[in-house]
Every structure is written in structure tokens, then in C-alpha cells.
Amino acid sequence: MNSPIEIRPLAPFGVEIAGVNLSDELDDARFRAIETALDVHGLVVIHGQTLAPERQIAFARRFGELEVHVRQEYALPGHPEIHLISNVKDGERSIGSAYAGDNWHTDLCFQRRPARMSLLHGIEIPQADDGTPLGDTLFLNTADAYDRLPDAMKRRLEGLRAVHQYHRAQEIKRRQREKDHARATLSAEQRALTPDVTHPVVRRHPVTGRKCLYVNQTYSFGIEGWPEEEAEPLLASLFAHIVQEPHVHRHRWRVGDVVMWDNCLTQHKAVGDYALPQRRLMHRTAVNGTVPV
Ligand code: SIN
């Protein structure tokens, strides 16, 4: 018989779930409990999992169609749906996207249909000399951030659309890391697959209908129809409003953790406080979502 599923709150938001083994096929009731927790709380942590790539793919697929990332050079060989986030090298080449996500962002917001959710499985976690885990991931709740806005700002944001640019973010990352983790400039094909997109600055969560602030420091570079000198201060004030320390949940990784987040309801940032020979290897699957409205 299946053991009961336990859902415990995390601070200041999110939940931890115990009593599930994701390498088994979950019955519908248990799957729905996880899916509902994700839709409502935005962040779900499950410790102690050993997920073979096929099992990770099968479980993630229950949430929807899987993303095949445009940077296939960082896919787990034989598994295009698993994007490696890693500073590990094979010779001179980083096997994964190294120090990906080390500024606040939501995954794949640069696509017309951004990711609904992401699932990150911790395979190798870097440690300090005293055994303290490094490479934590930080999370924020974008609906709570919207709720905290003054009414005048809520009115000002109505109808605005932000411009999200993958190629620009990638170029910044390429320059930041060219000495230790050189990444190629986007190929012509990758560039063609990632045109600039616009999304509402405030979008409704597709399941709960909550309003979420949908701009982030990594990919949002402008406001549609606004001159840069006007868009920049507005975006900067929204970033400062969203990113406030007391509202941050910090996930300290253990090998075997599965962390899932909703990419409308949360933003995240990976802390890059480690370097080789400290190795970080994570398997990420992302599930395509709906066009933001
Ligand atoms: C991501 O940005 O999707 C990955 C976050 C992490 O590596 O902790």
C-alpha cells in the first residue's frame, strides 16, 4: 500500500513533500496532490530521490509537453529533454550550462510559450572544505510581490508588455564566463529559434488566476513601445521591489533532491559560490506552458 503523502510548509513560501518515491509510477491521486501543491505554492521540494533520466522524463511529462532546450550542446547525451546545468568539464568543454541562472529569472520566459514548471534533480552538489553545501538556489514568489505593490503602481502596469531577449542575456553570460567556462555564441539556427518576445508585465497564473509580476533581471530588457530611458527605471524599480531578502526562500541542496518550481508564480537564482574542483551537476527538465495573459 502507498504510504501517506505529507505536505509541510517552507518559509517564507513553498512546501516540502515526503512519502513519495518518484522512481515508482505515482497513482493519480498522489500525482494530483503534487501538481496542486505546485500550482498553489509555486515551489515543491522532495528529498532523497534517485531518478534515472528516463524516470525523470516520464514523471515530468505528466505535467505536460517537455521542452527541448535550444542549446542542445548542453543536453544529457541521448536525452534531449534533460538540460545539464553543470560546471563539470570534459577536457576544456563544460558539459552543461555552467553557472546558468545566477541572476534572478524565470525559465524560458524568452519563448512565446514559456515553461510552466521546471524540475531540477541534484546529482552532484559542491561542498566547502567543512562539508557545507554550496550552490544554493534562491526563490521568490511573484504573486506575493504583485500583491505588495501600491495600488497606483498596479494601475500603472496595466496593459504594459515587457520585452524578453535570450540572445542578449546569453551574450552577457558568455562575456562573464569566457575565462573559465567559455560558451559558444548562438548559432544562426539558435538565434532564429529565439526571437525577442513580449509578455504582459503582470500575468495571470493559468490555474489559480492570481496576478504575478512577470519581469526579471536576466531576460527583461525593455517595455514594448517605450524608449529605453523610460523603461529602464521602471524595470529597475520592479526588480528592486520583487527581490527583497525577507521574501526569499533559500534551498540548500542535498544529493537526490528534486526541486520543482512554477515559472509564473516564482523567480529563482542560483548562487555561484563554488568553482572546480567543487563540482555541481543538476538534471533539469522543463514543461512547456501557455502563452502568458
Ligand atoms: C535554473 O536556473 O534553471 C537552475 C537553477 C540552479 O542551477 O540552481
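A short tour of the structure in this document, coming up. (Residues numbered from 1 in each chain as written. Predicted model: local features only at pLDDT ≥ 70, side-chain atom pairs only at ≥ 80, totals over all residues. Heavy atoms only, no water.)

What about the overall build of the protein chain?
The helix and strand tally for the protein chain stands at seven helices and 18 strands. The C-alpha radius of gyration of the protein chain comes to 19 Å, within 12% of the 19 Å expected for a compact globule of 293 residues. In terms of its C-alpha atoms, the protein chain occupies a principal-axis envelope of roughly 55 × 45 × 40 Å. Counting over 293 residues, the protein chain shows a buried share of 55%. Residue pairs in contact within the protein chain that sit at least 24 positions apart in sequence constitute 79% of those at least 6 positions apart. Taking the 36 positively charged and 39 negatively charged side chains of the protein chain as two groups, their mean positions are separated by 2 Å. (Helix = DSSP H or I, 4+ residues; strand = E, 2+ residues; numbered from the N terminus. Rg over C-alpha atoms; globule rule 2.2 N^0.38 Å. Buried < 20%, exposed > 50% of the residue type's maximum accessible area, 1.4 Å probe, protein only. Contact = heavy atoms within 4.5 Å. Lys, Arg positive; Asp, Glu negative; His and termini not counted. Charge placed at Lys NZ, Arg CZ, Asp CG, Glu CD.)

A few points about the side chain of Q49
Here Q49 is to be found in the loop between β3 (43–46) and α2 (53–61). Here V20 takes part through its backbone oxygen, which lies 3.1 Å from a polar atom of the side chain of Q49. Leaving out residues up to four positions away in the same chain, Q49 has contacts with V20, N21, L22, S23, H121, G256 and V258. (Polar contact = N/O pair within 3.5 Å; in protein donor to acceptor, adjacent residues only side chain to side chain.)

Structural notes on the pattern of salt bridges
It is possible for side chains of opposite charge to pair when their charged atoms get near one another. With the rule as written, the count across this model stands at 23 salt bridges. Note that R279 is salt-bridged to E124, the shortest N-O span being 2.8 Å. With R279 in the loop between β17 (266–270) and β18 (281–288) and E124 in strand β8 (residues 115–124), this pair connects stretches of sequence that are 155 residues apart. Residue E124 is classed as partly exposed on the basis of its relative accessible area of 24%. Put simply, R174 and E171 hold a salt bridge, and the shortest N to O gap is 2.8 Å. (Salt bridge = Lys/Arg side-chain N within 4 Å of Asp/Glu carboxyl O.)

A closer look at the sheet that holds β17
Strand order in this open sheet of three strands is β15-β9-β17, and the pairing throughout is antiparallel. Each end of this open sheet is capped by a strand with a single partner; those strands are β15 (249–251) and β17. Averaged over all pairs of adjacent strands, the angle between their axes in this sheet comes to 25 degrees, without regard to strand direction. Taken together, the three bridges between strand β9 (residues 137–141) and β15 define a ladder with antiparallel strand orientation. Its bridge partner lying in β15, F139 is registered against H249. (Pairing = 2+ DSSP bridges. Axes fitted to C-alpha atoms, helices over the stretch in contact; angles between N-to-C directions.)

Side note on helix α5 (residues 166–176)
Of all the positions in α5, only Y166, A169, Q170, K173 and R174 are classed as buried. Taken down its axis, α5 places every buried residue within 140 degrees of arc, on the same side. Exposed positions of α5 whose direction lies more than 90 degrees from the buried face are R175 and Q176. Close packing links the buried residues of α5 with β10 (161–164) and β14 (220–223). (Arc of directions from axis to C-beta.)

Side note on a negative patch on the surface
Where like charges cluster on the molecular surface, the negative patch consists of E228, E229, E230 and E232. Looking at where E228 falls in the secondary structure, it is placed in helix α7 (residues 228–242). E228 gets classed as partly exposed once you look at its relative accessible area, which sits at 47%. (Patch = residues over 30% accessible without salt bridge, like charges linked within 9 Å, V, L, I, M, F, W, Y side chains within 5 Å. Areas by Shrake-Rupley, 256 points an atom, 1.4 Å probe, with all protein chains shown as cover.)

Observations regarding the nonpolar core
Of all hydrophobic cores here, the largest spans 28 residues; its most connected members are L22, I34, I46, F59, F63 and M260. Listing elements by their share of this core, those giving two or more residues are β2 (15–18), α1 (28–41), β3, α2, β5 (79–86), β8, β16 (258–262) and β18. With four residues, α1 is the largest single contributor of residues to this core. Here M260 is in contact with I34, L38, G42, L43, V44, I46, F59, F63, M117, S118 and L119, once residues within four sequence places are set aside. Within the second largest apolar cluster, 23 residues are counted, among which are L138, L157, V215 and F239. (Core = buried A, V, L, I, M, F, W, Y, C linked by side-chain atoms within 4.5 Å.)

Overview of the pairing of β8
Most of β8 sits inside the fold, with eight of its ten residues counted as buried. Inspection of the sheet shows β8 paired to β16 by five bridges, in the antiparallel sense. If you follow L119 over to β16, its bridge partner there is M260.

Overview of the packing of aromatic side chains
Under the definition given, this model contains eight aromatic pairs. Arranged with centres 5.4 Å apart and planes meeting at 55 degrees, the rings of F139 and W261 form a pair that is tilted. Taken together, the positions of F139 in strand β9 and W261 in strand β16 put the pair 122 residues apart, joining distant regions of the chain. One aromatic cluster is present, formed by F31, F59 and F63 through successive ring pairs. Across the ring face of Y99, the terminal group of R177 is positioned such that the distance to the ring centre comes to 3.7 Å. Sitting over the ring of Y214, R203 keeps its end group 4.7 Å from the ring centre. (Phe/Tyr/Trp six-rings, centres within 6.5 Å; stacked < 30°, edge-to-face > 60°. Lys NZ or Arg CZ within 6 Å of the ring centre and 35° of its normal.)

Focus on the environment of G14
In this structure, G14 sits in the loop between β1 (6–9) and β2. Judged by relative accessible area, G14 falls into the buried class, the value being 5%. Along the primary structure G14 and R30 are separated by 16 residues, whereas in three dimensions their C-alpha atoms are 18 Å apart. Apart from the residues within four sequence positions on either side, G14 is in contact with R8, P9, H41 and L43.

Shape descriptors only; they carry no functional weight alone.
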